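In case you want the letters, here they are:
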Amino acid sequence: IEASQKAGASDRATLLLKPLSYAAARQWDKAIDPTLESQLNAGTTPNRDRLVLFLQAANQARLLEMKGRHAEAEAIFKIICQPGPASVLFGPYYGAFLEGRGRKDEARKLYTDILSVSEDRLVRQRLDGLDAKDYRKPKSPDVRLILADSLFLSGTLYASEQQSEMALATLRLAQYAAPET
């Protein structure tokens, strides 16, 4: 990844995977970008680049959650989970975060808001499961799961750009990263 960046590459895979490679190596000072929240608040990036920035932010929020830095994670989640299409992509991560903190009522509202925009089967399952007798909090994020999610979303972006070979390769990598999902 570093060699790719030294060669001038700034593709989405490098942007998304570099912090995760640092997190996997437990180099947290390099995995967390202290400028990311200000980049999100600036709102000056083009739409496609903004989506990649939101993907980076979702990853960072989940890494911060892993480190127990919940206030920082939540600040990022609140930015990327505003009502609208982005909440469909990133809202389930925030919902899981809220559930993990015992904030089921807030998670319920978020899931309901997401379902008013898009009928997502997994969000429906989370919502329905909140009141189940055998309720279980969602699994905490780990680097492999974040990696798989990043590769999956990146692969769908490649597909939307009609870059079929990159889409298939990236989706296959996502499957290898977390075969149980």
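The structure we're discussing is the one just above.
Residues numbered from 1 in each chain as written. Predicted model: local features only at pLDDT ≥ 70, side-chain atom pairs only at ≥ 80, totals over all residues. Heavy atoms only, no water.

Draft legend 1. Structural detail: the overall build of the protein chain. Across its full length, the protein chain holds 11 helices and 0 strands. The C-alpha atoms of the protein chain give a radius of gyration of 16 Å, which matches the 16 Å a tight globule of 181 residues would have. Structurally, the protein chain occupies a C-alpha span of about 55 × 35 × 35 Å along its principal axes. The buried share of the protein chain, taken over its 181 residues, is 39%. For the protein chain, the accessible surface area stands at approximately 10,200 Å², while carbon and sulfur atoms represent 53% of it. A distance of 4 Å separates the average location of the 25 positive side-chain charges in the protein chain from that of its 23 negative side-chain charges. (Helix = DSSP H or I, 4+ residues; strand = E, 2+ residues; numbered from the N terminus. Rg over C-alpha atoms; globule rule 2.2 N^0.38 Å. Buried < 20%, exposed > 50% of the residue type's maximum accessible area, 1.4 Å probe, protein only. Areas by Shrake-Rupley, 256 points an atom, 1.4 Å probe, with all protein chains shown as cover. Lys, Arg positive; Asp, Glu negative; His and termini not counted. Charge placed at Lys NZ, Arg CZ, Asp CG, Glu CD.)

Draft legend 2. Structural detail: the packing of aromatic side chains. The full count for this structure, using the stated rule, is 4 aromatic pairs. Centre to centre, the rings of Phe77 and Tyr94 are 5.3 Å apart; their planes meet at 20 degrees, and the pair counts as stacked. With Phe77 in helix H6 (residues 70-80) and Tyr94 in helix H7 (residues 85-100), the pair connects residues that are 17 residues apart, well separated along the chain. Taken individually, Phe77 and Tyr94 each receive the classification buried, so the pair is uniform in this respect. Every member of this aromatic cluster is reached through a ring pair, and the members are Phe77, Tyr94 and Phe97. Directly above the ring of Tyr93 sits Arg62, whose terminal nitrogen or CZ lies 3.9 Å from the centroid. One residue, Lys104, lies across the ring of Tyr135, its end atom 4.1 Å from the ring centre. (Phe/Tyr/Trp six-rings, centres within 6.5 Å; stacked < 30°, edge-to-face > 60°. Lys NZ or Arg CZ within 6 Å of the ring centre and 35° of its normal.)

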